[in-house]
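The primary structure of each chain is shown beneath.
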Amino acid sequence: YADMGLDDLNRFANESTSTTQWEGEDYARKRRTADIAQLWIQPAKRERKVNYAVDDYYREALRQNSKNNAAQRAPRPPKQLHISDFQFYPPRLQVLLDKELLSYRRQIGYKVPKAGAGANGGGGDEDGNDSSTSEVRSEEARLAEQAQIDSAEPLTEEEIKEKEELVSQGFSNWNRRDFYSLMRALENHGRSNMSLVKTEVEGKSPEEVEAYAKVFFKCYKELPEADRLTAQISKGEQKRARRNEIQQLLESKLGECKQDPLRHFSIPYSSGGSTAKGRVYTEDEDRFMLVSLARNGIGSDDVYDKIRQELRLSPMFRFDWFIKSRNSQEIQRRCQTLIGLLQKEVQGGRAVRNGGADDGD
C-alpha cells in the first residue's frame, strides 16, 4: 500500500469475497477438514466369508464326507425293490434280491473293506483279549461276505420271471403310515367289527383294507413287533368291553326307574345321601349327568364335552353357576365316581344273593 494515495485509501475495499481466504488459500475449509478428521472414527471393514450361504457350506461339508466315506460304502444295484416287513412279500423274494445284489457287486469287482482300527470301541481288559477276539470275528465275517460275493452267480431267466411274479404278490402300495392307521383302527373298534375298521384307514378303500387285513391276521406273527401289536389290540378290545359293560349298566339301572329318571332316579350314595358333608354336587346334577351319559354313549367322541354343553343349556340349572362353571375333566371325574357307585351296588347285590344261596344249601 506504499504507492497508494489519500484518495485511494479513502476508497479502500477488500477484493476477496471472504475474510478467511488469503493468498489463494481457504483457511475456513482447512480448519473444518481438520476438525472432521479429529472426530471421525473409521469403521472396521467387513470381512466376507467364502461360504457365507448355509446351503453352500453344508453342500461342501457333505461333499467332503462323501469323499471320505466313498471307500466304505457298499455299492447297490440300480432300482432294487425296498421291502418292508409289513408289506408281506414272500420270503423267496428277499433271497432273489440278495442274490442279485451279490452278483452286481461281483460284476463291478467290489471288495469288502477291512474294519477300522477303532471300529470296536477299544474295549477289553489290559491284555486286549476282548479287542483281539472282536477283530478276529470281524475279519472272519468280512472274509465270509467276500466269499459270497466271489461265488455269486447272476439270476437266470427263470429266476427273473419268478422275481417279477413275487413282486406282484406283496402290498407295495401300503406304507408305514397306512399300517399304523390300521393298527389304531383295530385298537379302537376291535377285530370283530371290521365294518368300522375298513372305513377308518385314510387313503384306502374298504376292499383294500379287507384284503390287507386277511393277510395280516394270517401272517402277523412273522412281524418283529407282533407281540406288542397283539397286546395293543387286545388292550383296546378290553377297554371297549368295559365301556360296553358300563353302557349296559347305565341303561339297565335307568330302565328300572318307572318314572322320569331326571327327577326320580335313586343314586346309591355311600353314606349321608346327597346332603353328606363335603359333597358339592346335588342329586339333580348327578342324575342329569348319568342320563346324559347313557343317552350320548360312553364310548362316543367328546361325550363329556357334550354333557357339559347340555348342562349349560338345560333350564334345570339356569341359575346354578357351580355346575355351569365345571369343565369337561371335572364332569368326567364325577361321572366315573357315579359309575363306581352303581357298580358297587350291583356287586353288593350279587354278594347278598350268593350268600343267601349258600345259607339255603
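Read on for a plain summary of the structure. (Residues numbered from 1 in each chain as written. Predicted model: local features only at pLDDT ≥ 70, side-chain atom pairs only at ≥ 80, totals over all residues. Heavy atoms only, no water.)

What to know about the overall build of the protein chain
- Along the backbone of the protein chain there are 15 helices and two strands.
- Split into buried and exposed, the 361 residues of the protein chain put 26% on the buried side.
- When contacts within the protein chain are restricted to residue pairs at least 6 apart in sequence, long-range pairs at least 24 apart make up 65% of them. (Helix = DSSP H or I, 4+ residues; strand = E, 2+ residues; numbered from the N terminus. Buried < 20%, exposed > 50% of the residue type's maximum accessible area, 1.4 Å probe, protein only. Contact = heavy atoms within 4.5 Å.)

With respect to a negative patch on the surface
- On the surface, Glu200, Asp301, Asp302 and Asp305 cluster together to form a negatively charged patch.
- Assignment of secondary structure puts Asp305 in helix 13 (residues 303-313).
- In this structure Asp305 comes out as partly exposed when scored by relative accessible area, which is 38%. (Patch = residues over 30% accessible without salt bridge, like charges linked within 9 Å, V, L, I, M, F, W, Y side chains within 5 Å. Areas by Shrake-Rupley, 256 points an atom, 1.4 Å probe, with all protein chains shown as cover. Salt bridge = Lys/Arg side-chain N within 4 Å of Asp/Glu carboxyl O. Lys, Arg positive; Asp, Glu negative; His and termini not counted. Charge placed at Lys NZ, Arg CZ, Asp CG, Glu CD.)

What to know about helix 13
- Considered for burial, the residues of helix 13 that qualify are Val303, Tyr304, Ile307 and Leu311. Projected down its long axis, helix 13 carries its buried residues within an arc of 95°, all on one side. (Arc of directions from axis to C-beta.)

Considerations on the nonpolar core
- Counting residues in hydrophobic clusters, the biggest one holds 28 residues, and the most contacted among them are Leu293, Tyr304, Ile307 and Leu311.
- For this core, the secondary-structure elements that each account for two or more residues are helix 10 (226-256), helix 12 (283-296), helix 13 and helix 15 (328-360).
- Setting aside anything within four residues of it in sequence, one finds Tyr304 in contact with Leu293, Ile298, Ser328, Ile331, Gln332 and Cys335.
- Counting residues in each nonpolar core, the second largest holds 21 residues, with Phe86, Val197, Val209 and Ala213 among its members. (Core = buried A, V, L, I, M, F, W, Y, C linked by side-chain atoms within 4.5 Å.)

Remarks on a nonpolar patch on the surface
- Among the surface-exposed residues, Val54, Tyr57, Tyr58 and Leu62 lie close enough to one another that they form a single nonpolar patch of about 470 Å² accessible area.
- By secondary structure assignment, the location of Leu62 is in helix 3 (residues 54-68).

A closer look at the pattern of salt bridges
- Counted under the stated rule, the structure contains 18 salt bridges.
- Across the pair Lys253 and Glu345 runs a salt bridge whose closest N-O atoms are separated by 3.1 Å. In this pair, Lys253 sits in helix 10 while Glu345 sits in helix 15, placing the two residues 92 residues apart along the sequence.
- On the accessibility criterion, Glu345 (36% relative accessible area) is partly exposed.
- A salt bridge links Glu330 to Arg326; the shortest N-O distance between them is 3.5 Å.
- One salt-bridge network, held together by shared partners, links Arg177, Asp178 and Lys204.

It is worth stressing that arrangement in space is one thing and function is another; only the former is reported here.
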